[in-house]
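What follows is each chain in one-letter form.
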Amino acid sequence: MDNAKAYSAASAGSTTIAPRDVQDEVRPTYKAKAYSAASATSGLASTTIERRGLLDHDVQIEILFCGICHSDLHQVRNEWKDVMPTAYPCVPGHEIVGRVTKVGSAVTKFKPGDLAAVGCMVDSDGTCPECKAGLEQFCPNFVLTYNFPDKHLGGVTYGGYSDSIVVTEKFVLRVPSNLDLAGAAPLLCAGITTYSPMRHWGVTKGKKVGVVGLGGLGHMAVKFAHALGAHAVVFTTSPSKKEDALRLGADEVVISRDANEMAKHAGSFDFILDAVAAEHDINAFINMLARDGNLTMVGAPDKPLAVGVFGLLFRRRSFSGSIIGGLAETQEMLDFCGKNNITSDVEVIPIQKVNEAYDRLVKSDVKYRFSIDMASLKSE
Ligand code: NAP
Ligand code: ZN
């Protein structure tokens, strides 16, 4: 099944999702605590879910922290219904760090007690050209951490707003021991999603790099652009974030609603990363690119953006997209963060505050990522 078909298979009411109670083979399972959404409007509430018992290559992880990505909100509220509809109940969460509690008999990379992390994917076919190239994020048969058909238990996969998860060893990553765990969790999505396109488009010393939107992804992009030696310029709609942007490593900050400030940078960027979660004028940023400059979208607004083609024709500019990163590059990013002591700036919350956190995320009222302390789930 290719990705697009799998997305539709994940849709509520689809006949292609095997219900959890009609699997032809009975597999051992165990109960885990979690927070799930029952519908697009219900919000998240405490529940119990089934996780698979360990297969030979599986690692069981006690989840310590899970970041809240704007993609969690898009999916819980079914905002991507046209592309990637949500199957309910939905247990979101793909920025997972924790400690290994058990390993299957064939596991070699991890032992109980080790720190471990899981990002947006939990499986892929391992045989296609994309997997062979270490680009599992483009595998036509990858499996996302939540809201994706679960080949083991039927139904859909359940993510990291939970006390534990079972994942095949290949998709479990190592966390450098010097990193704060609450701040390391968002590296698994916000980190790799911004690191990967920067590496792909050659962000390095001497390049002028723009970051649009200082949210969870955007603030990681600023940290990486700075660490990679580029001249980093933040475009924000929030004047109150100016001081923070400079502290995070920006060399300049532009208030994107100020036409005069914007005009000063016209035609000057080698690369711009757009991490905005809502509809906005993309052409204003395309026109900021120099000859052969590239603007990569990582933000995923639910509505199409109108691209003025003339902005691309002049100066041979390009407009592209990028999604997370492969396993090897995700590990490279985590190791880079370990060496450079980079973590996300987080507001740690108990799981009981998750619905409030979602409402604040919509208002861009978080500096700069919520990270759920999963110990709070014990009291449920
Ligand atoms: P976030 O923390 O909510 O940040 C989004 C930022 O966009 C806000 O902080 C705000 O920054 C800016 N913004 C919001 N509304 C805006 C508007 N109407 N006009 C202009 N700017 C606006 O979200 P996030 O978790 O970083 O995620 C950002 C987007 O990336 C989401 O759509 C998410 O689904 C997507 N995503 C994609 C991937 C991928 O693999 N491609 C991975 C993860 C997430 P300012 O206040 O600075 O303007
Ligand atoms: Zn994410």
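Here the structure is shown first, and the text comes after it.
Being a predicted model, the structure only gives us computed values, none of them experimental. (Residues numbered from 1 in each chain as written. Chains lettered and ligands numbered in written order. Predicted model: local features only at pLDDT ≥ 70, side-chain atom pairs only at ≥ 80, totals over all residues. Heavy atoms only, no water.)

**Description of the site of ligand 1**
Stated formally: Definition of nearness: a residue and a molecule or strand are near each other if at least one heavy atom of the residue lies within 4 Å of the molecule or strand. Within 3.5 Å is the distance limit for a polar contact, defined as a pair of N or O atoms, with the added protein rule that one can donate a hydrogen and the other accept it, and that residues adjacent in sequence qualify only through two side-chain atoms. Accessible surface area values rest on a Shrake-Rupley calculation with a 1.4 Å probe, where residue burial reflects the displayed protein chains alone. Only DSSP runs of H or I reaching four residues or more are called helices, and only runs of E reaching two or more are called strands; each is numbered from the N terminus. All residues other than Ala, Val, Leu, Ile, Met, Phe, Trp, Tyr, Cys, Pro, Asp, Glu, Lys and Arg, Gly among them, are scored as polar; the first ten of these are nonpolar and the last four charged. Here the bounds of each domain stem from an automatic or database domain assignment.
Near ligand 1 you find 30 residues, and of these T236, T237, S238, K241 and R369 are the closest. K241 has a polar side-chain atom sitting 2.6 Å from an oxygen atom of ligand 1. S322 has a polar backbone atom sitting 2.9 Å from a nitrogen atom of ligand 1. Relative to its free-state accessible area of 920 Å², ligand 1 is covered by the protein chains to the extent of 89%. Elements that contribute at least two residues to the shell around ligand 1 include exactly α2 (70-76) and α6 (216-227). When residues of the shell around ligand 1 are assigned to their parent elements, the largest contribution, three residues, is made by α2. Taken together, the residues of the shell around ligand 1 break down into 14 nonpolar, 13 polar and three charged. The residue makeup of the shell around ligand 1 includes at least three contributed by each of domain 1 (3-188 + 344-379) and domain 2 (190-321).

**Points about the nonpolar core**
Applied cut-off: We define the nonpolar core as a collection of buried residues of types Ala, Val, Leu, Ile, Met, Phe, Trp, Tyr and Cys that are connected through side-chain atoms lying within 4.5 Å of one another. With a 1.4 Å probe rolled over the protein chains alone, any residue whose accessible area is under 20% of its type maximum counts as buried; one over 50% counts as exposed, and the rest are partly exposed.
One finds I68, V97, Y161, L187, M198 and F224 to be the most contacted residues of the largest nonpolar core, which totals 102 residues. For this core, the two domains that each supply at least three residues are domain 1 (3-188 + 344-379) and domain 2 (190-321). Formed by 16 residues, the second largest nonpolar core is a distinct cluster that contains F269, M288, L289 and L312.

**Side note on unusual backbone geometry**
Of note, the bond from Y88 into P89 is cis; its omega dihedral lies within 30 degrees of zero at 0°. Structurally, P89 is set in the loop between α2 and β4 (96-103). Y368 follows K367 through a cis peptide bond whose omega is -10°. Checked against the element boundaries, Y368 lands in the loop between α12 (354-362) and β16 (369-373). With a phi angle near 70°, R315 is a residue other than glycine that sits in the positive phi range. By the secondary structure assignment, R315 is in the loop between α10 (309-313) and β14 (318-321). The backbone of R316 sits at a positive phi, close to 50°, despite the residue not being glycine. Looking at where R316 falls in the secondary structure, it is placed in the loop between α10 and β14.

**Details of the coordination of the zinc ion (ligand 2)**
As a reminder of what qualifies: A donor here means any N, O or S atom no more than 2.8 Å from the metal (3.2 Å for Na, K and Ca); water is not included, so a site may seem to lack partners.
Those protein atoms acting as donors to the zinc ion (ligand 2) are C69 (SG), H94 (NE2) and C189 (SG), and they sit at 2.0 to 2.2 Å. Among the residues examined, C69 registers a relative accessible area of 3% and is labelled buried. Look at C189 and you get buried, because its relative accessible area is 5%.

**Topic: the pairing of strand β1 (residues 29-37)**
Quick reminder of the rule: The rule for pairing is simple: two strands pair if DSSP sees at least two bridges between them.
Across nine bridges, the pairing between β1 and strand β2 (residues 44-52) is antiparallel. By the bridge assignment, Y35 is partnered in β2 with S46. Connecting the antiparallel pair β1 and β2 is a turn made up of six residues, with G43 showing a positive phi of about 75°.

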